[in-house]
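# Examining the three-dimensional arrangement
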Amino acid sequence: MTQTTSSTQLSILRYPDPRLNTVAKPVAAVDARIRALADAMFEIMYEAAGIGLAATQVDVHERLVVIDVSEDRDQPMVLINPEIIWASPETRMGDEGCLSVPGIYDGVERSIAVKVQALDLDGKLQVHAAEGMLAVCIQHEMDHLMGKVFVQYLSPLKRNRIKTKMVKQKKDEERDAER
């Protein structure tokens, strides 16, 4: 799956691609390039039926996240240079999936509520209080900005099985594409 935006081709990196382990740098300026990147990321995320996407996942290593956990896909949220400023001490184990690890879901323990501060598309600082699915999504996407994929929370055995499955899946897809 590849999307085109102006002169850049974006596609979602798949685990175990080592670029997913890159720590994102802060966005220097909220400008037309960042707004176009956010638009392209929303398009890719919606097409892939995801609820969140970090710039790291499309091989852009800047601190930008797009999220929409709404059922009607009508509540887009952009977080530029996000920072979690508070996380509830209470946690919950819940199944997570990831557009970079398609078809794999497993339990990850997360804070049930967070407060995040980030710039919006106008460069204004915003603070968002989140709980439930939105809180989980924010934590998950912010992990990507730190170079961490959710499978890294799993046991080495599970992680190796997932890695083997993803590598095989990629080889199968490449072989099918050659036919």
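Above this text sits the structure in question.
Keep in mind that what you see is a predicted model, and the values were worked out from it rather than measured.

Okay, the pattern of salt bridges next. For side chains bearing opposite charge, pairing can occur when the charged atoms are close. As enumerated under the stated definition, the model contains 11 salt bridges in all. Linking D17 and R19 is a salt bridge whose minimum nitrogen-to-oxygen distance equals 2.6 Å. Residue classification places D17 among the buried residues on the basis of a relative accessible area of 15%. A residue is classified by how much of its surface remains accessible, and R19, at 38% relative accessible area, is partly exposed. In this structure, R175 engages D176 in a salt bridge whose closest nitrogen and oxygen atoms are separated by 3.7 Å. Overall, D176 belongs to the partly exposed group, its relative accessible area being 41%. One salt-bridge network, held together by shared partners, links K168, D172, R175, D176 and R179.

Bringing a nonpolar patch on the surface into the picture now. On the surface, a cluster of nonpolar side chains totalling about 230 Å² of accessible area is made up of I51, V69 and M133. Topologically, V69 is positioned in the loop between β4 (64-67) and β5 (77-87).

Take the pairing of strand β8 (residues 113-119) next. Here β5 runs beside β8; their pairing, made up of five bridges, is antiparallel. Bridge pairing links A87 to V114 in β8. Of the pairings in the sheet, the one linking β8 to strand β9 (residues 125-131) comprises seven bridges and is antiparallel in character. By the bridge assignment for β9, L119 is matched with L125. Counted along the chain from β8 to the antiparallel partner β9, the turn is five residues long, and its residue G123 has a positive phi close to 80°.

For residues that are not glycine, phi is negative in most cases, and the peptide bond is trans in most cases. P16 follows Y15 through a cis peptide bond whose omega is 10°. Position of P16 among the secondary structure elements: in the loop between β2 (8-10) and α1 (32-47). One non-glycine residue with positive phi stands out, namely A49, at about 60°. A relative accessible area of 66% places A49 in the exposed class. Of note in the backbone geometry, R73 takes a positive phi value of approximately 60° without being a glycine.

Cut-offs used in this document
Residues numbered from 1 in each chain as written. Predicted model: local features only at pLDDT ≥ 70, side-chain atom pairs only at ≥ 80, totals over all residues. Heavy atoms only, no water. Salt bridge = Lys/Arg side-chain N within 4 Å of Asp/Glu carboxyl O. Buried < 20%, exposed > 50% of the residue type's maximum accessible area, 1.4 Å probe, protein only. Patch = residues over 30% accessible without salt bridge, like charges linked within 9 Å, V, L, I, M, F, W, Y side chains within 5 Å. Areas by Shrake-Rupley, 256 points an atom, 1.4 Å probe, with all protein chains shown as cover. Helix = DSSP H or I, 4+ residues; strand = E, 2+ residues; numbered from the N terminus. Pairing = 2+ DSSP bridges.

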